[in-house]
Amino acid sequence: TENGTLVRTKDRILHRWAVDPDQYIPLLEDIRAIEGASAVVSFPEVSYVESGEESRAFTFLRDSYRYAIENVPDLMALPHENVLKVTIYCENAEVVCADFMGSHWGRELKMAASGTQSIDICSPDAGKGAALAFLQDNLGVTKEETMYFGDNMNDLPAFAVAGIAATVANARQEVKEKADLIAAS
């Protein structure tokens, strides 16, 4: 879950990749400087915004993805440990955040578009590919025995460790080009 930063069962966390706590405040400060953007901070059990319960980020994540999400007055006041990912949420995120993604943050942390309105930022060791490889190793499943289904840029690392990579017809073109199978949308 959380873009491959958390591997869990219903009852326990098997593995997590967290953002370096020393990067948390400077990262949020730089996100706040992006015009029209808001940040979403995700922990294993809940995600937080400071943009309000009526904000597009809050309502989209709550209503579309069924996130456990709360609004807080200041994301910087949250604990800095165990932050799984920070998401930049704004319209046309890849264009709006292009300079940010090309900054030192793009070299120090892993960033991937997880939708047209969001850029997920996580530990450089995290991601859906790392999470799938962890599961394969711990379950004794080979690449050839694994099928992965994804539709966005953040799914491409998992395609590389799966024997069969599948997507849907309305996925991004870059994803369809890497897929072995394309299902109807």
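Residues numbered from 1 in each chain as written. Predicted model: local features only at pLDDT ≥ 70, side-chain atom pairs only at ≥ 80, totals over all residues. Heavy atoms only, no water.

Asker: So what about the sheet that holds strand β3 (residues 38-42)? Which residues, and what values?
Answerer: Ordered by their spatial adjacency, six strands build an open sheet running β5-β4-β3-β6-β8-β7, and the pairing between neighbours is mixed. Looking at the sheet topology across the chains shown, the edges are occupied by β5 (69-71) and β7 (110-115). With strand direction ignored, the average angle separating the axes of adjacent strands in the sheet is 25 degrees. Inspection of the sheet shows strand β6 (residues 85-89) paired to strand β8 (residues 118-122) by five bridges, in the antiparallel sense. Opposite T87, over in β8, you have D120 as the bridge partner. Across the sheet, helix α2 (residues 56-63) lies against β3, β4 (47-49), β5 and β6, angled at about 160 degrees from β5, the strand it touches most. (Pairing = 2+ DSSP bridges. Helix = DSSP H or I, 4+ residues; strand = E, 2+ residues; numbered from the N terminus. Axes fitted to C-alpha atoms, helices over the stretch in contact; angles between N-to-C directions. Contact = heavy atoms within 4.5 Å.)

Asker: Can you lay out the confidence of the model for the protein for me, pointing to particular residues and giving the numbers?
Answerer: Here the protein shows a mean pLDDT of 95. Residues at 70 or above account for 100%. Put simply, β7 is where the protein has its lowest mean pLDDT, 89, and strand β10 (residues 164-168) is where it has its highest, 98. (pLDDT = per-residue confidence, 0-100.)

Asker: Describe in detail the nonpolar core, supporting the description with residues and values.
Answerer: Ranked by size, the top nonpolar core spans 28 residues in total, and within it V41, L75, I88 and F100 carry the most contacts. Discounting residues that sit within four places of it in the chain, L75 has contacts with Y24, L28, R32, A39, V41, Y48, V49 and E50. Of all hydrophobic cores here, the second largest spans ten residues; its members include L132, Y148, A162 and V175. (Core = buried A, V, L, I, M, F, W, Y, C linked by side-chain atoms within 4.5 Å. Buried < 20%, exposed > 50% of the residue type's maximum accessible area, 1.4 Å probe, protein only.)

Asker: Quick one: what's the story with the sheet that holds strand β9 (residues 147-149), residue by residue and with numbers?
Answerer: Read across the sheet, three strands follow the order β9-β10-β11 without closing on themselves; strand pairing throughout is parallel. Since the sheet does not close on itself, it has two edges, and those belong to β9 and β11 (181-183), each with one partner. The average angle at which neighbouring strand axes cross in this sheet is 25 degrees, direction not considered. The sheet contact formed by β10 and β11 spans three bridges and is parallel.

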